[in-house]
Amino acid sequence: MTLSVLDIFKIGIGPSSSHTMGPMNAARRFVLDLAAQGLIERTAQVGVQLYGSLALTGLGHCTDRAVLLGLEGHSPEGLDPAIVEPTLARIRGSSRLRLAGQREIAFDEPMNVLWHRDQTLPGHSNGMRFTALDAHGGVLCREDYYSTGGGFVARADELDAGAAGPAAVSVPYPFESAEALLDAARAHGLELHELVLANEGAWRDAAATRAALLNIWAVMTDCIERGFRSQGLLPGVLKVRRRAPKLYRQLTEAGGASPMQAMDWVNAFALAVNEENASGGRIVTAPTNGAAGIVPAVLTYYRRFEPGASDDGVVRFLLVGGAIGMLYKKNASISGAEMGCQGEVGVACSMAAAGLVAALNGTNEQVENAAEIGMEHNLGLTCDPIAGLVQIPCIERNAMGAVKAINAARLAMRGDGTHKVTLDQVIATMRQTGEDMSAIYKETSQGGLAVNVPEC
Ligand code: SF4
């Protein structure tokens, strides 16, 4: 699997990358495959079965809505959030669905979407089975898909073949570990951002990569601004009130007197993004939806509070932060259902810490040190969202993760990059901790805060 930074930073919609974007991508892939095989015209019914973590917290994560939109051929990056409600109202009101946007079929949602909360498919906790039937009930096509975190999906045969992500692409400086990344940079006299930019050349030229990353930054900025403007309660039974608009008002009125004002703003930036995510708004996976606030909050901190901050620094930040995300994706997982929240907020903290050091022109060794610190102090972090909603603890946890990332970067920048625990060691520790973690703490809402706090 060869990853681009644009596989790590993807434009999508909330509230969950593994439970919203992944299922939408899987449903879309299934119907596009049907179309490619010429089966759309013969399909009279489509059945969707959801398993494991997807079934347990899927309602709170809008998995049902995502699947319906995906079956109509929508993708997270192309979907206009404004058409979501009318589209779902049409499908549910008429009990009919436009398969791949091409052919209308009957669709009885309670019969055609089944939730298997007590069963898991063999490959991953986030399993889905799609079945297309002809008019006589004969099976035309049946496929199992897995949502492996960050919006990535893999068909069962792809997962078995170890290809849970984009296909292999030949890059000039391949790396599977942080050590290999540092060695390659050292051997060729490159800064990490230069090495990653060269690798991105396998997909597009440098100018296009820069433009794409600045567009990612613009989407993040828009998300923060929308979060500051939006008022009221977030969707769902918890009736959580948005905090970002009030905090924004307070900070704007207070001016710059407090020595902790930068931290207050970082909190506000992160809350704004994750409140937008919780309401199904447009976000950037970084590397997931649940952890989508940390990188934008730290990047906005950089632009606003660091002297000499520039677009060049933003690009360095995203190139290096994206490369660190790749290391976790390749050597562990960025799925809360596999790793707990250390795989989401922990990874985002590590990416943001590394990105900030790169933006501030730290050395390659300081970048690696910051990424390591960012994860070391998130090891063991569980995933226990109350009512299965990506709200508590998720929203506030992003504010905590962003502040921690800045501190990790500052600690690393005060040293010369030499340190005891390597990034590769901490990634391996995170993976082992995730594997040993009880399933009740891995995006199932069967333990932790999810069972100790009343839902309303
Ligand atoms: S607790 Fe963490 S991993 Fe779990 S849904 Fe929330 S942000 Fe994602």
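Treat the numbers as computed from the prediction; the structure is a model and nothing was measured. (Residues numbered from 1 in each chain as written. Predicted model: local features only at pLDDT ≥ 70, side-chain atom pairs only at ≥ 80, totals over all residues. Heavy atoms only, no water.)

**Some details on unusual backbone geometry**
What you tend to see is this: most non-glycine residues have negative phi, and most peptide bonds are trans.
Alright, step 1. Between Gly14 and the following residue, Pro15, the backbone shows a cis peptide bond with an omega angle of 5 degrees.
Alright, step 2. Considering the arrangement of structural elements, one finds Pro15 in the loop between strand 1 (10–13) and helix 2 (17–36).
Alright, step 3. Residue Ile392 is joined to Pro393 through a cis peptide bond whose omega torsion reads 10 degrees.
Alright, step 4. Mapped onto the elements, Pro393 comes out in the loop between helix 17 (364–376) and helix 18 (394–414).
Alright, step 5. Of note in this structure, Ser95 is not a glycine but carries a positive phi near 55 degrees.
Alright, step 6. Inspection of the secondary structure puts Ser95 in the loop between helix 5 (84–94) and strand 3 (96–99).
Alright, step 7. The backbone of Glu443 sits at a positive phi, close to 60 degrees, despite the residue not being glycine. (Helix = DSSP H or I, 4+ residues; strand = E, 2+ residues; numbered from the N terminus.)

**Regarding the domain arrangement of the protein chain**
Alright, step 1. Partitioning the protein chain into domains gives domain 1 (5–160) and domain 2 (178–452).
Alright, step 2. Counting from both sides, the interface comprises 32 residues of domain 1 and, opposite them, 46 residues of domain 2.
Alright, step 3. Each partner contributes to the roughly 2800 Å² buried at the junction of domain 1 and domain 2, and carbon and sulfur atoms together form 61% of this total.
Alright, step 4. Contact with domain 2 buries area across many residues of domain 1, yet Val5, Ile8 and Phe9 alone supply 27% of it, more than any other trio.
Alright, step 5. Summed over the shared surface of domain 1 and domain 2, the number is zero salt bridges.
Alright, step 6. Inspection of the region where domain 1 meets domain 2 yields 16 residue pairs in polar contact (both at pLDDT 80 or more).
Alright, step 7. Put simply, the parts of the chain that give the side of domain 1 that touches domain 2 at least two residues each are helix 1 (5–8), strand 1, helix 2, helix 3 (52–57) and strand 7 (139–149).
Alright, step 8. Considered class by class, the residues forming the side of domain 1 that touches domain 2 number 13 nonpolar, 16 polar and three charged. (Domains from an automatic or database assignment. Contact = heavy atoms within 4.5 Å. Buried area = accessible area lost by both parts, 1.4 Å probe. Salt bridge = Lys/Arg side-chain N within 4 Å of Asp/Glu carboxyl O. Polar contact = N/O pair within 3.5 Å; in protein donor to acceptor, adjacent residues only side chain to side chain. Nonpolar A, V, L, I, M, F, W, Y, C, P; charged D, E, K, R; others polar.)

**Side note on the packing of aromatic side chains**
Aromatic rings considered in pairs are described by the distance between their centres and by the relative angle of their planes.
Alright, step 1. Overall, the coordinates contain eight aromatic pairs when judged by the stated rule.
Alright, step 2. A centroid spacing of 5.9 Å and a plane angle of 80 degrees characterise the contact between Phe130 and Tyr145, whose relative ring orientation is edge-to-face. Of the two residues, Phe130 is situated in strand 6 (residues 127–133) and Tyr145 in strand 7; the sequence distance between them amounts to 15 residues.
Alright, step 3. On the basis of relative accessibility, which here comes to 0%, the residue Phe130 falls in the buried class.
Alright, step 4. Accessibility expressed as a relative area gives 0% for Tyr145, which makes it buried.
Alright, step 5. Plain terms: the ring middles of Phe228 and Trp265 are 6.3 Å apart, the flat faces sit at 70 degrees to each other, and that makes the pair edge-to-face. Of this pair, Phe228 sits in helix 10 (residues 206–229) while Trp265 sits in helix 12 (residues 261–278), and the two are 37 residues apart along the sequence.
Alright, step 6. The buried category is assigned to Phe228, whose relative accessible area is 11%.
Alright, step 7. The buried category is assigned to Trp265, whose relative accessible area is 4%.
Alright, step 8. A network of ring pairs unites the aromatic residues Phe228, Tyr248, Trp265 and Phe269 as a single cluster.
Alright, step 9. It is Arg304 that lies over the ring of Trp265; its NZ or CZ is 4.0 Å from the centre.
Alright, step 10. Of note, Lys330 hangs over the ring of Phe175, and the distance from its end group to the ring centre comes to 4.9 Å. (Phe/Tyr/Trp six-rings, centres within 6.5 Å; stacked < 30°, edge-to-face > 60°. Buried < 20%, exposed > 50% of the residue type's maximum accessible area, 1.4 Å probe, protein only. Lys NZ or Arg CZ within 6 Å of the ring centre and 35° of its normal.)

**Notes on the nonpolar core**
Alright, step 1. Within the largest apolar cluster, 100 residues are counted, with the highest numbers of intra-cluster contacts made by Met220, Leu318 and Tyr328.
Alright, step 2. Sort the elements by how many residues they give to this core and helix 16 (residues 345–359) lands first, with twelve residues.
Alright, step 3. When residues of this core are assigned to domains, at least three fall in each of domain 1 (5–160) and domain 2 (178–452).
Alright, step 4. Setting aside anything within four residues of it in sequence, one finds Met220 in contact with Phe9, Val284, Ala286, Val295, Pro296, Leu299 and Leu318.
Alright, step 5. Of all hydrophobic cores here, the second largest spans 35 residues; its members include Phe30, Val31, Leu71 and Cys141. (Core = buried A, V, L, I, M, F, W, Y, C linked by side-chain atoms within 4.5 Å.)

**Section: the site of the ligand**
Alright, step 1. In the region of the ligand, the neighbouring residues are Gly290, Cys341, Glu344, Cys383, Cys394 and Arg397.
Alright, step 2. Here the shell around the ligand is composed, by residue class, of three nonpolar, one polar and two charged. (Near = heavy atom within 4 Å.)

**Let's talk about the pairing of strand 7**
Alright, step 1. Of all the eleven residues making up strand 7, eight are buried; the element is thus mostly covered by neighbouring parts of the structure.
Alright, step 2. Pairing analysis gives seven bridges linking strand 6 to strand 7, with the strands arranged antiparallel. In the strand pairing of strand 7, Thr131 is matched with Arg142.
Alright, step 3. When strand 7 meets strand 8 (residues 152–155), the two strands line up antiparallel, connected through four bridges. Residue Ser147 lies in a different strand from strand 8, and its bridge partner there is Val153. (Pairing = 2+ DSSP bridges.)

**Here we look at the side chain of Glu372**
Alright, step 1. Within the element layout of this structure, Glu372 appears in helix 17.
Alright, step 2. Apart from residues no more than four positions distant in its own chain, Glu372 is found in contact with His419, Val421, Thr422, Leu423 and Val426.

**Notes on the environment of Gly123**
Alright, step 1. The topology assignment puts Gly123 in the loop between strand 5 (113–116) and strand 6.
Alright, step 2. The spacing of Gly123 and Asn25 is 98 residues in sequence and 18 Å in space, taken between C-alpha atoms.
Alright, step 3. Setting aside anything within four residues of it in sequence, one finds Gly123 in contact with Tyr146 and Leu159.

**What about the environment of Glu275?**
Alright, step 1. Mapping Glu275 onto the fold places it in helix 12.
Alright, step 2. In the structure, Glu275 is positioned 34 residues away from Arg241 in sequence and 9.2 Å away in space, judged by C-alpha atoms.
Alright, step 3. In this structure, Glu275 is in contact with Leu234, Arg241, Arg242, Arg243, Ala244, Pro245 and Ile395, ignoring residues within four places of it in sequence.

**Description of the packing of helix 13 (residues 294–305) against helix 14 (residues 311–331)**
Alright, step 1. Between helix 13 and helix 14, the least distance of the axes is 10 Å, while the angle of their chain directions is 150 degrees. With respect to helix 14, the element helix 13 is oriented roughly antiparallel. For the pair helix 13 and helix 14, the sense of crossing is right-handed. Side by side, helix 13 and helix 14 meet where Val295, Val298, Leu299, Tyr302 and Arg303 of the first sit next to Asp311, Gly313, Val314, Arg316, Phe317 and Leu318 of the second. (Axes fitted to C-alpha atoms, helices over the stretch in contact; angles between N-to-C directions. Parallel < 35°, antiparallel > 145°, perpendicular 65-115°, else oblique. Left-handed = near helix turned anticlockwise from the far one by under 90°.)

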